[in-house]
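Listed here are the chains, written in short residue letters.
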Amino acid sequence: VNGSGGTPSAVINIGTVSGVQLIDVTATGGLDYGIYAAVVTDLHLTRCRATANGTGGGTDAGFGLHGTRITAIDCIADSNTGSGFRLFGTGGTPGKRHVYIGCHANSNTLSGWYSTSSGSNPTLCSFTDCHADANGSAGSYSGFNLGYLSRADYKGCTSTNNTEHGFVLMDAAYITMHAP
């Protein structure tokens, strides 16, 4: 899929819905996001790719994900002008129960993985065998910039060659990290 539309402008813009599956989808050229999900429940992404999305705004990303029970398996965010994966909440509603397995964030201009400081950040998130490499060409950005998550679990994740930190966990709470 190539193009953009909706608000925010995304190649694929998923509104307030439940029970969505995207399999083997590639989103390229979105003005703000490649794949954007707002307040979804039960979103399942398998082998999806978001590449070359965003115009450089601080909120731009390959994947913009907000909701409950979001699962991403073997997804790739690469070469986006912004972050690779952006996890967030809106209007005081936190995202919950995000699961990322085997996902990669590579060569994005901001952070590979990013959570906002909006006060309604995702909670109960897990990352298994996820990787961030060569992110942050626009300045000091990290591989996993997830300092605002609450109750996050990292298993076998790696972060290499990013311009700033590998993992940022500054204001996070209840974090567990397991060696790769």
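Attention here is on the structure that accompanies the text. Note that the structure is predicted; figures quoted are calculated from it, not measured. (Residues numbered from 1 in each chain as written. Predicted model: local features only at pLDDT ≥ 70, side-chain atom pairs only at ≥ 80, totals over all residues. Heavy atoms only, no water.)

## A closer look at the pairing of strand S9 (residues 96-101)
Relative to S9, strand S6 (residues 61-73) runs parallel, the two sharing five bridges. Its bridge partner lying in S9, Thr71 is registered against Val99. Pairing between S9 and strand S12 (residues 123-128): four bridges, direction parallel. Bridge assignment links Tyr100 to a residue of S12, and that residue is Phe127. (Pairing = 2+ DSSP bridges. Helix = DSSP H or I, 4+ residues; strand = E, 2+ residues; numbered from the N terminus.)

## Some remarks on the sheet that holds strand S13 (residues 131-133)
The strand order across the open sheet formed by six strands is S3-S5-S7-S10-S13-S16, and the pairing between neighbours is parallel. Each edge of the open sheet is held by one strand with a lone partner, namely strand S3 (26-28) and strand S16 (158-160). Here the strands of the sheet are splayed against their neighbours by 5 degrees on average, with no regard to which way each runs. The pairing of strand S5 (residues 49-51) with strand S7 (residues 76-78) spans three bridges and is parallel. Along S7, the bridge assignment pairs Ala50 with Ala77. (Axes fitted to C-alpha atoms, helices over the stretch in contact; angles between N-to-C directions.)

Keep in mind that these numbers describe shape and distance, not what the molecule does.
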